[in-house]
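Per-entry structural report
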Amino acid sequence: MTTKRSRAWTLGIVSLGLFMVVLDNLVINVALPSIHRQLGASIQALEWTVNAYVLSYAVLLLTGAAIGDRFGRKRMFTAGIALFTVSSAAAALAPTIGLLIAARAVQGVGAAIATPLTLTLLADAFPPNQRGLALGVWSGISGIAVALGPLVGGAVIQLSSWHWIFWINVPIGIVLVPLSMARLGESHGHARRFDLTGLGLSAAGLFGIVFGLIRSQTLGWGSTQVLISLIAGTALVIAFIRYELGVEEPMLPMRFFANRSFAVTNAVSLSMYFGMFGSIFFLSQYLQNVLGNSPLQAGVKLLAWTGASLIVSPLAGVFSERIGSRPFMVVGLALQAAALGWIALIAKVDTSYASMVGAFVLGGSGMALVFAPAANAVLSSVTTDETGQASGATNSIRELGGVLGIAVLSTVFTSNGGYASGHAFVSGLIPALWVGAAVLALGGLVALLVPFSTRALAAQSVEARHERTPDSIPATAAAIGTAA
């Protein structure tokens with residue numbers, strides 16, 4: 001039985017861990033010009049300082065959740081934070097671009113282990129009917145990291161050197177590791193065996209898909225390398241699904257996707273990360289490359305967008321517990337779509353910040369309305385000992401959505417404009433924003449039109465149902481057939 005004090009410690013520790021990971025992923029972009037000058041890195045090498053992290057992180061999220069379930073969530077969360085901290089120091093000390101890329105890849109591994117376990121540890125500490133506020137705080141602190149990322153990166157580059165964007169993580173990690181060991185409770189998943197075949201198939205399949213999406217931004221969708229990577233990755237993911245349907249203790253039970261709450265919530269998350277995070281990738285560049293803001297100024301101005309989540313996230317978490325997550329997801333996606341459409345309508349080479357700030361607040365509020373309620377809906381759709389598997393799947397789908405969004409919107413951007421001038425950038429930005437808005441609106445329509453329950457207490461009925469019905473292969477196949 002967990003006490004209020006132990007729950008508070010768990011919430012604080014996992015939120016701080018998530019804060020560190022999210023912050024680091026955002027500050028690197030503003031440091032790329034400085035890294036280029038000091039290390040003499042090529043454009044391709046600079047891309048891989050970002051891509052090496054994204055690749056290892058996206059590919060291993062499902063694996064991180066699985067090893068946490070098998071070897072202990074507290075133990076593996078602590079190990080992930082420790083690995084992230086050590087690799088951050090290695091990145092700060094890297095004398096060459098090659099070593100920096102290697103350190104970034106290891107950072108991604110540590111983050112992939114720790115990130116899904118933050119949600120699992122919270123689910124284990126808080127009962128279903130008390131998770132709303134905890135998830136609101138958790139997502140709000142993540143929102144702080146999103147808000148501070150560009151700001152911290154710009155300030156560090158302006159006042160010091162790029163090395164300090166990595167040194168920032170080290171004292172946080174030094175505090176977190178002993179706190180995690182002392183204050184977190186240990187828990188495991190229900191699987192008695194480690195699904196090595198499933199782990200290998202999922203990691204290889206996701207690697208092929210994510211690598212192909214990343215390379216498409218440079219080589220184009222028609223490249224042989226991109227096509228082979230995407231086709232091979234898709235084939236391996238299909239092989240993973242077929243294997244998981246036939247194994248007694250699957251790494252990822254396919255019956256999760258027969259649950260409408262789980263399936264629709266993940267579709268919502270995919271559309272949000274595709275549309276919103278793909279668009280933010282270009283909006284931060286628009287502020288700097290077209291409107292003439294410094295990295296620090298751009299970070300300050302983006303606070304209107306990202307800072308809205310600090311207020312809205314906890315409230316969304318609390319109220320989604322009472323009335324269900326679905327209304328928040330529908331409204332949140334609609335607000336984000338409206339925000340991107342608003343910016344697309346007014347974007348010019350001389351657009352004032354005052355005319356955009358309302359759209360920024362609208363988009364940030366929409367994001368905050370989705371984060372905590374979506375996490376609550378996912379956790380409420382599975383039993384307590386399945387939260388690790390559900391968290392791993394959800395985080396993988398989200399990250400895949402973000403990578404896919406950047407890849408697709410980059411194609412739209414380059415097909416209609418480019419970086420040659422401010423006018424060329426705006427010509428590419430506007431259609432990219434409209435595509436992002438359309439994907440967000442589609443996700444909102446799915447959440448609105450497909451009936452499903454997302455109340456926190458639904459987890460209790462799910463748990464009771466699994467106690468009555470064994471997780472057999474015929475039952476799983478029947479459930480998937482019914483959902484289809």
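Residues numbered from 1 in each chain as written. Predicted model: local features only at pLDDT ≥ 70, side-chain atom pairs only at ≥ 80, totals over all residues. Heavy atoms only, no water.

1. Brief notes about the overall build of the chain
- Of the regular secondary structure elements, the chain holds 19 helices and zero strands.
- Judged by the C-alpha coordinates and their principal axes, the chain covers about 65 × 50 × 45 Å.
- Residues classed as buried in the chain amount to 56% of the 484 residues present.
- Sequence-distant contacts, at least 24 apart, represent 85% of the contacts inside the chain between residues at least 6 apart. (Helix = DSSP H or I, 4+ residues; strand = E, 2+ residues; numbered from the N terminus. Buried < 20%, exposed > 50% of the residue type's maximum accessible area, 1.4 Å probe, protein only. Contact = heavy atoms within 4.5 Å.)

2. Describing a nonpolar patch on the surface
- On the surface, a nonpolar cluster with roughly 390 Å² of combined accessible area is contributed by Leu310, Ile311, Leu315 and Phe319.
- Here Phe319 is to be found in helix α13 (residues 308–323).
- Judged by its relative accessible area of 38%, Phe319 falls in the partly exposed class. (Patch = residues over 30% accessible without salt bridge, like charges linked within 9 Å, V, L, I, M, F, W, Y side chains within 5 Å. Areas by Shrake-Rupley, 256 points an atom, 1.4 Å probe, with all protein chains shown as cover. Salt bridge = Lys/Arg side-chain N within 4 Å of Asp/Glu carboxyl O.)

3. Some remarks on the pattern of salt bridges
- The full count for this structure, using the stated rule, is two salt bridges.
- With a shortest N-O distance of 3.0 Å, Asp69 and Arg73 are connected by a salt bridge. We note that Asp69, like Arg73, is buried.
- Glu386 is paired through a salt bridge with Arg255; the nearest N and O atoms lie 2.3 Å apart.

4. Some remarks on helix α10 (residues 260–290)
- Taking 1.5 Å per residue, 31 residues should reach 45 Å; α10 reaches 43 Å between its end C-alpha atoms and fits that length.
- A side-chain oxygen of the first residue of α10 lies 2.9 Å from the backbone nitrogen of Ser261; this N-cap is Asn259.
- At the exit of α10 stands Gly292, carrying a positive phi of roughly 80°. (Expected span 1.5 Å × (residues − 1). Polar contact = N/O pair within 3.5 Å; in protein donor to acceptor, adjacent residues only side chain to side chain.)

5. A word on the packing of aromatic side chains
- According to the stated counting rule, one finds 15 aromatic pairs in the structure shown.
- On the numbers, 6.5 Å between centres and 50° between planes, the contact of Trp164 with Trp167 is tilted. Residue Trp164 and its partner Trp167 are located together in helix α6 (residues 164–167), separated by three residues, close to a single helical turn.
- Taking relative accessible area as the criterion, Trp164 reaches 46% and is therefore assigned partly exposed.
- Relative accessible area serves as the criterion here: at 25%, Trp167 is assigned to the partly exposed category.
- Ring-pair connections join several aromatic residues into one group, and the members of that group are Phe282, Tyr286, Phe413, Tyr419 and Phe425. (Phe/Tyr/Trp six-rings, centres within 6.5 Å; stacked < 30°, edge-to-face > 60°.)

6. Notes on the packing of helix α5 (residues 131–159) against α13
- Running from N to C, α5 and α13 point in directions that differ by 160°, and their axes come no closer than 7 Å. Considered as vectors, α5 and α13 are oriented roughly antiparallel to each other. Between α5 and α13 the crossing geometry is right-handed. Residue-level inspection shows Arg131, Gly132, Leu133, Gly136, Val137, Ser139, Gly140, Gly143 and Ile144 of α5 in contact with α13, the latter providing Ser309, Leu310, Ser313, Pro314, Gly317, Val318 and Glu321.
- Of the residues belonging to the contact of α5 with α13, the class tally is six nonpolar, eight polar and two charged. (Axes fitted to C-alpha atoms, helices over the stretch in contact; angles between N-to-C directions. Parallel < 35°, antiparallel > 145°, perpendicular 65-115°, else oblique. Left-handed = near helix turned anticlockwise from the far one by under 90°. Nonpolar A, V, L, I, M, F, W, Y, C, P; charged D, E, K, R; others polar.)

7. A few points about the environment of Leu122
- Looking at the element boundaries, Leu122 is found in helix α4 (residues 97–125).
- Since its relative accessible area comes to 2%, Leu122 is described here as buried.
- Between the C-alpha atoms of Leu122 and Ile28, which are 94 residues apart in sequence, the distance is 28 Å.
- Among all residues touching Leu122, those that are not within four sequence positions of it are Thr10, Leu11, Val14, Ala134, Leu135 and Trp138.

8. Let's talk about the side chain of Ser325
- Within the secondary structure, Ser325 is located in the loop between α13 and α14 (326–346).
- Given the relative accessible area of 0%, Ser325 is considered buried.
- A distance of 2.8 Å separates the side chain of Ser325 from the backbone oxygen of Pro373, its partner in a polar contact.

9. Concerning the environment of Glu321
- With respect to the helices, strands and loops of the structure, Glu321 is situated in helix α13.
- Residues Glu321 and Val331, spaced ten residues apart in sequence, show a C-alpha to C-alpha distance of 16 Å.

10. Some words on the confidence of the model for the chain
- On average, residues of the chain score 85 in pLDDT, and 92% of them reach the 70 mark or higher.
- Put simply, helix α19 (residues 473–483) is where the chain has its lowest mean pLDDT, 32, and helix α3 (residues 73–93) is where it has its highest, 96. (pLDDT = per-residue confidence, 0-100.)

11. Points about the packing of α4 against helix α16 (residues 387–416)
- Between α4 and α16, the least distance of the axes is 8 Å, while the angle of their chain directions is 140°. The interaxial crossing formed by α4 with α16 has right-handed handedness. Residue-level contacts link Thr115, Pro116, Leu119, Thr120 and Ala123 of α4 to Thr387, Gly388, Ser391, Gly392 and Asn395 of α16.
- Tallied by class, residues from the contact of α4 with α16 come to three nonpolar, seven polar and no charged.

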